[in-house]
Amino acid sequence: MAQKGKTQFIFVMGGVVSSLGKGIASASLGLLLKKQGLNVTLLKLDPYLNVDPGTMNPFQHGEVYVTDDGAETDLDLGHYERYLDQALGRDNNVTAGQIYDSILTKERRGDFLGRTVQVIPHVTGEIKNRIMRLVERDPELDVVITEVGGTVGDIEGLPFLEAIRQFPFDQGRDNILYIHLTLVPWIEAAGEIKTKPTQHSVNKLREIGIQPSILLCRTQRPLDDEVKDKIGLFCNVTPEEVIEARDVESIYEVPLRLHAQGLDRQVMEQLGRVYQEPDLSSWEEMVRGMLSAPEPLEIGVVGKYVNHHDSYKSIIEAFIHAGQVNGARVKIRWVDSEAITDANVEERLVGLDGILVPGGFGVRGVEGKISAVRHARENKIPFLGICLGLQAAVIEYARNKSGMPEADSTEFNPQTPAPVICLMEEQKGLSQMGGTMRLGSYPCELAQGSLASRCYGEDLIKERHRHRYEVNNQYREKLEAAGLKLSGLSPNGELVEMVELSDHPFFVASQFHPELKSRPGRPHPLFRELVAAARKHARAKVEAK
Ligand code: GLN
C-alpha cells in the first residue's frame, strides 16, 4: 500500500522513435491522476546541453513556453499546464545544461573537497536532487510524473536514466513506476502489426536496469489480445499492462482513450492506491464540442516560422479552445510573412475571417507583418497582435496614421528617426543573451470601457512576457492623438502593454503572450473574443452575398 504522506514517482520514457507524444501522454496521465483526487505535478527532463531552450532557434526547438516565474521552458510544459490546469514554474523543467552548470559552479567553488567529479555519483546525484526539489517545495505532493526527453538509447540520456534507475533504492520500490511509450507499427506490405521494435526498445531499457511495468503503445490500428499477449510475453508485463494508444483526431481525446484502456486503474493499483471511477463527463463534453463545432472559420497567422507549427504550439491550442466555446472550428491559414508585400497582401490574405500576427525576433519578415496589420486595419478584419505583433501594429499606425513614415523599431533599424519601439532601459548594454529578456508574469491595468477590459471582464490582469523592446513613451501622445488607444499599461503607467482601435470591429494587440494562459474549456479572453469577432465577420460576409 502507498505510505501515507510519501510522494510517489512515475517516470515516462520513450523508445523506438521520437515524436510519439510523450508530452501529451504524460500530461494526460497527470489529468487522470488529478481526477483520482491526487496532488500531482509534472517534470520534464531534457538531456540537451543548453541551459534552457530560450536561446534556441524556433526552427529547431519549437515554441519556448514561458512560465509565471519567468522560466523559458520546453513546449511540453504548455501541455502539462493545459491538461493539469495548474501553473508550473522553473523547477518543472530540468536540462543537462542546468545540471552541468550547477556541478561546475560547485566544482570551482571547491565544494567537492578534492574529489574527482564524475557522472556517477555527481551528475546522477544532481539530477535526483532536482527531481526531489519539487517535493521539498511541496511536501504535500502525492505523485511526481517525470518525462524523460529523447529516446531510450540516446547517449546523452544515459545519466538521466541511471539517476531514475536508482529511485527505487532511494525512495522504496513501491513508490516508483516506470512507463515506456513505444511504437507498434503497421507494416503495409506484410499486412501486420509488428511488435519487434517494442521488444528491442524494452530490452534496451532493461540493459540499463529499468524494467517498465506499463507499456503505452502508439499505433494506427487497434492492438488485439494476441498482440498484447505477445508484447506482454516478450517484455515481462501482463496484457493488461499493455495499453493501446491509438492515433486520435484531437490531442484532448488522449486522456479519454487512455482511461478507456485502463491506464489510470493500472497506475493506481501499481502505486498501491485505491482506484475510483473518475468523472470525466465535462472533459468528454468539451472534446465533443471541439470535434463537432459546426461553423468553419479561417484565421490567418502571419509569421516567419509558419512551416514549423511547433513554434506556434500554444497559439494553435488557444484557437482550439476558443473555437470550442464559440461553436466554431478554426482553420489556420499559415501565411509566410517574408513573402508578403504591400502589393500582394490583398491576395495572400483574401477571404480570412481574422488575422493574428504572433511574436518573433529579428528583422526578417517584419515588413510583411506590418503589411498584414495594415490590411486588417483598413479592411476591418478582426485582428490580434501578440508581442512583436503589437510592435508591428504600433509601427504601422505610426507610419500610416500618425505622420511618421519612417517609424520603426530599433531592433530592425537602429538609425530610424522615429523609434516608436525601442530597447527598455535595463536591456541596454546587456551582453548575456540567455534569460535576460523581460520574462514571466507582470500585472497590467486596463483602461475602463476599453475593448480589452470588456474581453477580460476585469481591469487588473496578469500576463506572461518574453521580449526586450517596448513602446517608446516619447511617442505616446502622437500615437494617441492619431487615434491609437493605449488600453493596457503597467500599474506604474510606465509601460504600454496593450493597444487597440475604436473605429474597428476588433483590433487589439498585447505586448504579452495571451496564448500561454489559454486552457481547454477556458480559452483566453483575447482568443475567445477574436474568434467571436471572426465569426461575426464570416456571417456578415455570407449575408452580404
Ligand atoms: N523581438 C521583439 C522583442 O524582443 C518581440 C519579441 C516577441 O515577439 N516575443 O521585444
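Our structure's up above, just so we're on the same page.
Throughout what follows, the structure given in this document is the object of discussion. Owing to the predicted nature of the structure, the values given are computational and were not obtained by experimental measurement. Here the residue numbering is sequential within each chain, running from 1 through the sequence in written order. A pLDDT threshold of at least 70 governs which residues receive local features in this predicted model, and a stricter bar of 80 or more applies before side-chain atom pairs are shown or counted, although totals over entire chains, interfaces and linings include all residues. Remark: hydrogens and water are excluded; side-chain values derive from all non-hydrogen atoms of the structure.

This brings us to the pattern of salt bridges. A carboxyl oxygen of Asp or Glu within 4 Å of a side-chain nitrogen of Lys or Arg is what we treat as a salt bridge. One pass over the structure, following the stated rule, counts 38 salt bridges. Its salt-bridge partner being Asp74, residue Lys44 comes within 3.1 Å of it at the nearest N-O pair. Highlighted residues: Lys44 in strand 2 (residues 40-46) and Asp74 in the loop between strand 4 (72-73) and helix 3 (76-84), separated in sequence by 30 residues. The buried label goes to any residue with under 20% of its type's maximum accessible area, the exposed label to any with over 50%, and the partly exposed label to all in between, with areas taken from a 1.4 Å probe on protein chains only. Residue Lys44 is classed as buried on the basis of its relative accessible area of 5%. A salt bridge links Lys106 to Glu126, with the shortest nitrogen-to-oxygen separation between them at 2.8 Å. In this pair, Lys106 sits in helix 4 (residues 96-109) while Glu126 sits in helix 5 (residues 119-137), placing the two residues 20 residues apart along the sequence. In this text, helices come from DSSP runs of H or I with a minimum length of four residues, and strands from runs of E with a minimum of two, each type numbered from the N-terminal end.

The strand order across the open sheet formed by nine strands is 13-12-14-15-23-22-21-18-19, and the pairing between neighbours is mixed. Edge positions in the sheet fall to strand 13 (328-336) and strand 19 (460-467), since each has one partner strand and no second. Across the sheet, the mean angle separating the axes of adjacent strands is 25° when strand polarity is ignored. Pairing between strand 21 (residues 485-489) and strand 22 (residues 496-500): three bridges, direction antiparallel. Paired with Gly488 across the bridge in strand 22 is Met498. Two residues form a contact once any of their heavy atoms are found within 4.5 Å. The convention used is that axes are lines fitted to C-alpha atoms, helices contributing only their stretch in contact, and that angles between N-to-C directions extend from 0 to 180 degrees. Along the sheet, helix 15 (residues 366-378) makes contact with strand 12 (295-303), strand 14 (354-357), strand 15 (383-386) and strand 23 (507-510), crossing strand 14 at roughly 150°. For two strands to be treated as a pair, DSSP must find no fewer than two bridges joining them.

Right, let's talk about the sheet that holds strand 6 (residues 143-148) for a bit. In spatial order, the strands read 5-2-6-1-7-10-11; together these seven strands make up an open sheet with parallel pairing. The open sheet has two edge strands with one neighbour each: strand 5 (93-95) and strand 11 (242-246). Averaged over all pairs of adjacent strands, the angle between strand axes in this sheet comes to 20°, irrespective of strand direction.

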